[in-house]
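Each chain is listed here by its residues.
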Amino acid sequence: KAGVTQTPRYLIKTRGQQVTLSCSPISGHRSVSWYQQTPGQGLQFLFEYFSETQRNKGNFPGRFSGRQFSNSRSEMNVSTLELGDSALYLCASSLSEGARAVEAFFGQGTRLTVV
Amino acid sequence: QKEVEQDPGPLSVPEGAIVSLNCTYSNSAFQYFMWYRQYSRKGPELLMYTYSSGNKEDGRFTAQVDKSSKYISLFIRDSQPSDSATYLCAMSAGGSWGKLQFGAGTQVVVTP
């Protein structure tokens, strides 16, 4: 059974540019969540999508957005990049229903560097 | 003050020793408590989770939750060098399954 796949693995962008990251969840998982991981702040929740609808949102500015497609694949977009956006962006998928609803499985992450 | 507090370590133990990790939290709504392991340059890997208070054992790993004290623990018995990683606690209020609140993570080093 394939795990969570994130692409690309590494990205280097310039301040002011925008970037789109992609996440393919485990087959059958309908919930996809995004997290930002930095040395100073640790893992911080960005947002969660379930059946193409944003179900939860963390405390990030509107420059961070996402969407989910009908096949549960998800993308997140960061516009007007700032140096502080440099981080590991992690995607997690879960069944989000039933006895194993809380089990979230993470991808390898996308390492974004803003210069 | 953060909702979930976790000592970042590093915690260094000799091979074969018991590793003891813990987190405290302030949000009484948390009902699900998870432990993740993260190796360098990898995504977090779910080790185990517990619901509400109590103990749960899985091989060399034992998780404990004390909701009255808002305190959770993870014990690793017979530690191996391959257990060297960062261990993250995470919590969920339930219902919002995809929204996890993480601790800072504790770096564990098991020396041969």
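Check the entry above for the structure.
Residues numbered from 1 in each chain as written. Chains lettered and ligands numbered in written order. Predicted model: local features only at pLDDT ≥ 70, side-chain atom pairs only at ≥ 80, totals over all residues. Heavy atoms only, no water.

This part is about the overall build of chain B. Across its full length, chain B holds 0 helices and 11 strands. Along chain B, from the amino end to the carboxyl end, the secondary structure elements read β-β-β-β-β-β-β-β-β-β-β. Taking the principal axes of the C-alpha coordinates as reference, chain B spans close to 40 × 30 × 25 Å. Looking at chain B as a whole, 43% of its 112 residues are labelled buried. Considering only contacts in chain B between residues 6 or more positions apart, those separated by 24 or more positions represent 54%. Looking at charge distribution, chain B has the averaged site of its 10 positive side-chain charges lying 7 Å from that of its 10 negative ones. (Helix = DSSP H or I, 4+ residues; strand = E, 2+ residues; numbered from the N terminus. Buried < 20%, exposed > 50% of the residue type's maximum accessible area, 1.4 Å probe, protein only. Contact = heavy atoms within 4.5 Å. Lys, Arg positive; Asp, Glu negative; His and termini not counted. Charge placed at Lys NZ, Arg CZ, Asp CG, Glu CD.)

Once that is clear, we can look at the interface of chain A and chain B. If you look at the interface, chain A gives 24 residues, while chain B gives 19 residues. Carbon and sulfur atoms supply 54% of the area buried between chain A and chain B, which totals about 1800 Å² over both sides. When the buried surface of chain A facing chain B is broken down by residue, Leu 43, Val 102 and Phe 106 of chain A rank first, second and third, together holding 31% of it. Taken together, chain A and chain B are joined by 0 salt bridges. Inspection of the region where chain A meets chain B yields 3 residue pairs in polar contact (both at pLDDT 80 or more). (Buried area = accessible area lost by both parts, 1.4 Å probe. Salt bridge = Lys/Arg side-chain N within 4 Å of Asp/Glu carboxyl O. Polar contact = N/O pair within 3.5 Å; in protein donor to acceptor, adjacent residues only side chain to side chain.)

Right, let's talk about the layout of surface pockets for a bit. If you add up the space inside the largest pocket, you get close to 500 Å³. Of all elements in the fold, only strand E4 (31-38) of chain A together with strand E9 (85-92) of chain B reach the threshold of two or more residues within the lining of the largest pocket. Sort the elements by how many residues they give to the lining of the largest pocket and E9 of chain B lands first, with 3 residues. Looking at side-chain class alone, the lining of the largest pocket contains 7 nonpolar, 11 polar and 4 charged residues. Its boundaries defined by the atoms lining it, the second largest pocket holds a volume of some 400 Å³. Looking at the lining of the second largest pocket, the elements that each hand over two or more residues are strand E5 (42-50) of chain A together with strand E1 (4-5) and strand E10 (101-102) of chain B. A per-class count over the lining of the second largest pocket returns 7 nonpolar, 8 polar and 5 charged. (1 Å grid on protein atoms, 1.4 Å probe; cavity = no way out; pocket = protein on both sides within 12 Å on 5 of 7 lines; lining within 4 Å. Points joined across faces, edges and corners; volume = space filled by probe spheres on them. Nonpolar A, V, L, I, M, F, W, Y, C, P; charged D, E, K, R; others polar.)

Just geometry here; none of it tells us what the structure is for.
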